[in-house]
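# Chains, contacts and geometry: an overview
Listed below are the residues making up each chain.
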Amino acid sequence: MHPFVAIDFETANEKRGSACSVGLAKFDAAGQLVDRCYQLLRPHPDLDYFRPINTWVHGLSASDVEGAPNWNDFYPTLQEFVGDLPLVAHNMAFDGYVLRDLNELYGITPLINQRFCTVRLARKLLANEIERKSLDNVYAYFFQDKEFRHHEANDDAYACGMIFARMQEEFGFESLEAALAPVRSPRKKRRREEVLADPAVRSNLKAEFGNSEAVRGECICFTGTLEHGKRADIHSLIETIGAIPSKGITKKTTMLVVGTPNPSTFAEGASGSRKLLKATKLRDAGSPIQVLSEIEFFNLLIDGQADS
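The structure contained in this document is the topic of the report that follows. The shown structure was predicted, so the numbers you read here are calculated from the model rather than taken from an experiment.

## Brief notes about the pairing of strand 2 (residues 19-27)
Within strand 2, nine of the nine residues are buried, which leaves the element mostly enclosed by the surrounding structure. Bridge count between strand 1 (residues 4-11) and strand 2: eight bridges; the pairing is antiparallel. By the bridge assignment for strand 2, valine 5 is matched with lysine 26. Sheet analysis places strand 2 next to strand 3 (residues 33-40), joined by seven bridges and oriented antiparallel. Within the sheet, the bridge partner assigned to alanine 25 lies in strand 3 and is arginine 36.

## Regarding the pattern of salt bridges
Tallied over the entire structure, the rule returns nine salt bridges. By sharing partners, the salt bridges in this structure join Arg36, Arg149, Glu152 and Asp155 into a single network.

## Things to note about helix 13 (residues 274-284)
For an α-helix the count is 3.6 residues per turn, leaving residues at separations of three or four pointing the same way. Burial in helix 13 covers these residues: Leu276, Ala279, Thr280 and Leu282. The buried residues of helix 13 occupy one face: seen down the axis, they fall within an arc of 165 degrees. Opposite the buried face of helix 13, at more than 90 degrees from it, the exposed residues are Arg274, Lys281 and Asp284. Looking at the buried side of helix 13, the elements it contacts are helix 1 (52-58), strand 8 (255-258) and strand 9 (290-293). Positioned one or two residues after helix 13, glycine 286 has a phi angle of 105 degrees, which is positive.

## Section: the sheet that holds strand 2
To summarise the sheet geometry, strands pair through backbone hydrogen bonds and adopt either a parallel or an antiparallel arrangement. Reading across from one edge, 3-2-1-4-5 is the order of the five strands in this open sheet, with mixed pairing throughout. The open sheet has two edge strands, strand 3 and strand 5 (115-117), and neither has a second partner. Each adjacent strand pair in this sheet contributes to an overall mean axis angle of 20 degrees, direction not counted. As judged from the two bridges shared by strand 1 and strand 4 (residues 87-89), these two strands associate in the parallel manner. Along strand 4, the bridge assignment pairs alanine 6 with valine 88. Its contacts with the sheet place helix 5 (residues 118-125) against strand 4 and strand 5, and it is angled at close to 55 degrees to strand 5.

## Considerations on the packing of aromatic side chains
Remark: the centre distance and the inter-plane angle together describe each pair of aromatic rings, the angle taken between the planes. Enumeration over the complete set of coordinates arrives at 12 aromatic pairs. Ring geometry for phenylalanine 142 against phenylalanine 143: centres 6.3 Å apart, planes inclined by 55 degrees, an arrangement best described as tilted. For phenylalanine 142, a relative accessible area of 8% corresponds to the buried category. Their ring planes at 85 degrees and their centres at 5.6 Å tell us that phenylalanine 222 and phenylalanine 297 sit as a pair that is edge-to-face. Here phenylalanine 297 lies in helix 14 (residues 294-303) and phenylalanine 222 lies in strand 6 (residues 219-223), a separation of 75 residues in the sequence. The residues phenylalanine 222 and phenylalanine 297 share a single accessibility class, namely buried.

## As for the nonpolar core
Of all hydrophobic cores here, the largest spans 29 residues; its most connected members are Tyr139, Phe164 and Met167. Broken down by secondary-structure element, the contributors of at least two residues to this core are strand 1, strand 2, helix 5, helix 6 (135-142), helix 7 (153-171) and helix 8 (173-179). Methionine 167 has contacts with Thr118, Leu121, Ala122, Leu126, Phe142, Gly172 and Leu176, leaving out every residue within four places of it along the chain.

## With respect to the environment of proline 52
Inspection of the secondary structure puts proline 52 in helix 1. As a C-alpha pair, proline 52 and serine 273 span 221 residues in sequence and 9.2 Å in three-dimensional space.

## Observations regarding the packing of helix 5 against helix 7
Relative orientation of the contacting elements helix 5 and helix 7 amounts to 40 degrees, with a least axis distance of 11 Å. One element, helix 5, and the other, helix 7, form an angle in the oblique class. As helix 5 packs across helix 7, the resulting crossing turns out to be left-handed. Contacts between helix 5 and helix 7 involve Thr118, Leu121, Ala122 and Leu125 from the former and Cys160, Ile163, Phe164, Met167 and Phe171 from the latter.

## Structural notes on unusual backbone geometry
Located in the positive-phi region is asparagine 91, a residue other than glycine, with phi close to 95 degrees. On the basis of relative accessibility, which here comes to 7%, the residue asparagine 91 falls in the buried class. Its identity as a non-glycine residue notwithstanding, histidine 151 has a phi of 70 degrees, on the positive side. Looking at the element boundaries, histidine 151 is found in the loop between helix 6 and helix 7.

How each quantity is defined
- Residues numbered from 1 in each chain as written.
- Predicted model: local features only at pLDDT ≥ 70, side-chain atom pairs only at ≥ 80, totals over all residues.
- Heavy atoms only, no water.
- Buried < 20%, exposed > 50% of the residue type's maximum accessible area, 1.4 Å probe, protein only.
- Helix = DSSP H or I, 4+ residues; strand = E, 2+ residues; numbered from the N terminus.
- Pairing = 2+ DSSP bridges.
- Salt bridge = Lys/Arg side-chain N within 4 Å of Asp/Glu carboxyl O.
- Arc of directions from axis to C-beta.
- Contact = heavy atoms within 4.5 Å.
- Axes fitted to C-alpha atoms, helices over the stretch in contact; angles between N-to-C directions.
- Phe/Tyr/Trp six-rings, centres within 6.5 Å; stacked < 30°, edge-to-face > 60°.
- Core = buried A, V, L, I, M, F, W, Y, C linked by side-chain atoms within 4.5 Å.
- Parallel < 35°, antiparallel > 145°, perpendicular 65-115°, else oblique.
- Left-handed = near helix turned anticlockwise from the far one by under 90°.

As structure tokens, then:
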């Protein structure tokens with residue numbers, strides 16, 4: 001087994017460079033947790049705003065990070081904590097880009113540490129064992145009698161590290177290296193997001209995304225203004241791939257996709273749409289409803305992986 005550091009970010013809004021917290025968990029060559037580091041972060045001035053959907057997920061708001069250090073102030077601590085150890089995240093396609101965008105914003109030389117993604121490993125090594133490869137599901141598969149606070153960066157980093165330590169124990173470090181192709185480069189990721197914004201793609205949604213089974217069986221509701229096509233067209237799209245479109249939030253809803261909010265339609269004094277607020281109540285009551293931004297939803301349709 002090899003020592004490593006697991007990392008997890010939470011962001012204030014749809015921009016990956018808007019990190020508002022980071023969690024780090026260091027594991028030794030025996031797979032034991034030896035150190036942890038957690039820090040609230042004040043987002044960069046250009047990205048210093050919180051979207052209701054992000055606060056809905058992780059519970060942090062502007063008041064929580066008031067007076068917190070920015071990334072430039074915290075980065076030396078991260079460098080010292082990580083050293084030359086491999087970095088591990090559950091969805092490195094998200095956390096790796098947060099790290100890259102932060103360093104670009106502040107003009108910091110990027111880290112070149114070896115990287116591992118436990119969600120990609122789970123898709124390859126646990127393909128037939130569990131249906132969903134989300135962090136909480138994979139953690140529950142390995143550690144049925146333990147719990148953690150999902151979407152809290154400190155606990156998410158710890159859970160990811162526990163998963164990777166167990167994977168090393170069961171499969172070996174070299175096998176994990178062999179199972180992973182290089183993580184998609186930032187430039188390729190940017191091009192894919194540009195494709196999503198292309199009018200030609202928006203006019204032919206079924207042809208572009210109709211083969212995806214990533215949302216098969218999900219009951220999906222949409223709120224806000226959608227950039228990738230008319231809502232009726234997207235309803236038709238998801239029906240063709242086995243999902244169930246829903247006009248409103250019910251106990252059967254498993255996924256809420258949030259487009260650009262329209263505050264003029266909010267109830268007086270509300271911080272989000274009626275659908276988002278209802279989804280919050282259902283979640284608090286124990287519903288497994290998942291909330292995704294529009295870009296995350298279409299990333300899911302393209303390659304089966306939302307980036308947050």
